[in-house]
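As a plain string of letters, each chain reads:
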Amino acid sequence: MDLQAQHVLDRLAALSPVAPADADDATWVATFRCGVALISTFASPPEPVHRVEQRVIAGPGGALPVRLYRPAEGRLPVLLYLHGGGAVAGAVDIHDSPLRALANRSGWLVVAPDYRLAPDARFPAQVDDAAATLTWIAAEGEAIGADAGRVVVAGDSIGGAFAAALALRAREGGPGLAGQILLYPNTDLRRGADYPSRNTENGHIIEAAGLERQIELSLASEADRGTPLASPVLSDGAGLAPTLVVTNECDPLRDEGEALAARWAAAGARVEQHRFPGMVHAFMQMGAHVNAAERLFAMIADWLRRLD
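Below you will find a few notes about this structure. (Residues numbered from 1 in each chain as written. Predicted model: local features only at pLDDT ≥ 70, side-chain atom pairs only at ≥ 80, totals over all residues. Heavy atoms only, no water.)

This next bit is on the overall build of the protein. What the protein contains, in helices and strands, is 9 helices and 8 strands. Expected size for 308 residues packed as a compact globule is a radius of gyration near 19 Å; at 18 Å, the protein falls within 12% of this value. Taken along the three principal axes of its C-alpha coordinates, the protein extends 50 × 40 × 40 Å. Within the protein, buried positions represent 57% of all 308 residues. (Helix = DSSP H or I, 4+ residues; strand = E, 2+ residues; numbered from the N terminus. Rg over C-alpha atoms; globule rule 2.2 N^0.38 Å. Buried < 20%, exposed > 50% of the residue type's maximum accessible area, 1.4 Å probe, protein only.)

In structure tokens, the structure reads:
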């Protein structure tokens, strides 16, 4: 493991609260949300961007907050970003620093919805909110200075799974996507999914029992686990927008992310897959301590430039 990443893991272990073994759902969720929020304390100081705007749009569950990070004036292509957090935690605020960096490095308008969280709103509520945001971009592109014909969806962790689900939906109709960026995504929510990295890297940000509890709390039914929208590794990649998949060597989700990339590439999709050596889950949010975060931003910006 990279020494900088190990330092962050050691600090998180010392700072993060631990829920009692017999914690009820409410206690477990509150504890987990606290731990997710702590990761953001390792982020780089938030960079200034040209303008940050907060909008509230009509979502399928009511008012849906959406934040726009604009790196420059003019009509810009859009990076629709879906944050991680296991579907039960996380927020745009927690991702504020990396989202600013992505806007500045890429020159793209970053649009980030604060989608509904489980267990109050269970899957596919999060994908529905992402789809509503994509529809809003298509309808309001001129008004918000967006090139609605060039929208790439991106997300990290479970946000990567939601991004993949949105791309699968977009393939079937509605507003289209120019690409998708999946950062160390969950891709297989089936019970008992067996990937070596889930064992060899267990406890590096994600631990097995916690991952299973997130899944239980986020899905509406057991049957959801085996659907391609919830487990995109089961999907056929044919006809999907160009895709960048990023995985980490020391991440329990490494192997399922790479399995998705291989499956989609075999189906004829245009897929680039990169593994960051020595890196752990969520390292994009550790930029003040982990130099590889800046390399990730540069990789994403380069991929978006080549997509144009």
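Let's pick the thread back up.
Another aspect to go through is the nonpolar core. Counting 50 residues, the largest nonpolar core has Leu80, Val111, Trp136, Phe162 and Leu177 as its most contacted members. Ranked by residues supplied to this core, first place goes to helix H5 (residues 158–171) with 10 residues. Among all residues touching tryptophan 136, those that are not within four sequence positions of it are Arg55, Ile57, Val66, Leu68, Val111, Gly141 and Ile144. (Core = buried A, V, L, I, M, F, W, Y, C linked by side-chain atoms within 4.5 Å. Contact = heavy atoms within 4.5 Å.)

Bringing empty space enclosed by the protein into the picture now. On inspection of all chains with the given rule, the structure shows 2 cavities of 30 Å³ or more. The calculated volume of the largest cavity comes to roughly 60 Å³. It is H5 that contributes the most residues to the lining of the largest cavity, 3 residues altogether. Within the lining of the largest cavity, the residues separate by chemical class into 9 nonpolar, 2 polar and no charged. In this structure, the second largest cavity is lined by Gly86, Ile158, Asn186, Leu211, Gln214, Ile215 and Ser218. (1 Å grid on protein atoms, 1.4 Å probe; cavity = no way out; pocket = protein on both sides within 12 Å on 5 of 7 lines; lining within 4 Å. Points joined across faces, edges and corners; volume = space filled by probe spheres on them. Nonpolar A, V, L, I, M, F, W, Y, C, P; charged D, E, K, R; others polar.)

On to helix H8 (residues 254–266). For H8, with 13 residues, the first-to-last C-alpha span of 19 Å sits near the 18 Å given by 1.5 Å per residue. Every buried residue belonging to H8 is among Arg254, Asp255, Glu256, Gly257, Glu258, Leu260, Ala261 and Trp264, and all of these are buried. Buried-residue contacts for H8 involve H5, strand S6 (179–183), helix H6 (196–200), strand S7 (243–248) and strand S8 (271–276). A positive phi of about 100° marks glycine 268, the residue just after H8. (Expected span 1.5 Å × (residues − 1).)

As a further point, take the sheet that holds strand S5 (residues 146–156). If you trace the 8 strands from one edge of the open sheet to the other, you get S1-S2-S4-S3-S5-S6-S7-S8, paired in mixed fashion. Looking along the sheet, the strands with just one partner apiece sit at the ends: strand S1 (51–59) and S8. The sheet shows a mean angle of 20° between the axes of neighbouring strands, taken without regard to direction. The pairing of strand S3 (residues 76–82) with S5 spans 6 bridges and is classified as parallel. Each bridged residue has a counterpart across the sheet, and for leucine 80 the counterpart in S5 is valine 153. Here helix H9 (residues 292–307) sits on the sheet and contacts S5, S6, S7 and S8; the angle it forms with S6, its principal contact strand, is near 165°. (Pairing = 2+ DSSP bridges. Axes fitted to C-alpha atoms, helices over the stretch in contact; angles between N-to-C directions.)

Another aspect to go through is helix H7 (residues 208–218). Of all the residues in H7, the buried ones are Gly210, Leu211, Gln214, Ile215, Leu217 and Ser218. In this structure, the buried residues of H7 make contact with helix H2 (25–39) and H6.

A few words now on the packing of aromatic side chains. One pass over the structure, following the stated rule, counts 4 aromatic pairs. Judged by centre distance (5.1 Å) and plane angle (10°), the rings of tryptophan 28 and phenylalanine 32 are stacked. In this pair, tryptophan 28 and phenylalanine 32 both sit in helix H2, 4 residues apart, roughly one turn of the helix. Phenylalanine 32 carries the same exposure label as tryptophan 28, and that label is buried. Seen in terms of ring centroids, tyrosine 184 and phenylalanine 283 are 6.0 Å apart; in terms of plane orientation they differ by 45°. Their pairing is tilted. Placement of tyrosine 184 in the loop between S6 and H6 and of phenylalanine 283 in the loop between S8 and H9 is noted, with a sequence separation of 99 residues between them. (Phe/Tyr/Trp six-rings, centres within 6.5 Å; stacked < 30°, edge-to-face > 60°.)

With that settled, consider unusual backbone geometry. For the bond from alanine 118 to proline 119, the omega torsion is 5°, close enough to zero to count as cis. For proline 119, the location among the structural elements is in the loop between strand S4 (109–113) and helix H4 (125–144). The backbone of serine 157 shows a phi angle near 60°, a positive value even though the residue is not glycine. Residue placement: serine 157 occurs in the loop between S5 and H5. In this structure serine 157 comes out as buried when scored by relative accessible area, which is 8%. Notably, alanine 282 is not glycine yet its phi reads approximately 70°, a positive angle. Mapping alanine 282 onto the fold places it in the loop between S8 and H9. For alanine 282, a relative accessible area of 4% corresponds to the buried category.

Its volume calculated, the largest pocket comes out at about 910 Å³. What lines the largest pocket is a set of 35 residues, among which Phe32, Gly35, Ile205, Ile206 and Glu207 lie closest to the centre. It is H2 that contributes the most residues to the lining of the largest pocket, 6 residues altogether. Here the lining of the largest pocket is built from residues that sort into 17 nonpolar, 15 polar and 3 charged. Taken as a whole, the second largest pocket holds about 180 Å³ of empty space. Lining of the second largest pocket is provided by 15 residues; of these, Ala193, Arg198, Asn199, Ala208 and Leu211 occupy positions nearest its centre. For the lining of the second largest pocket, the secondary-structure elements that each account for two or more residues are H6 and H7. Of the residues in the lining of the second largest pocket, the class split is 6 nonpolar, 3 polar and 6 charged.

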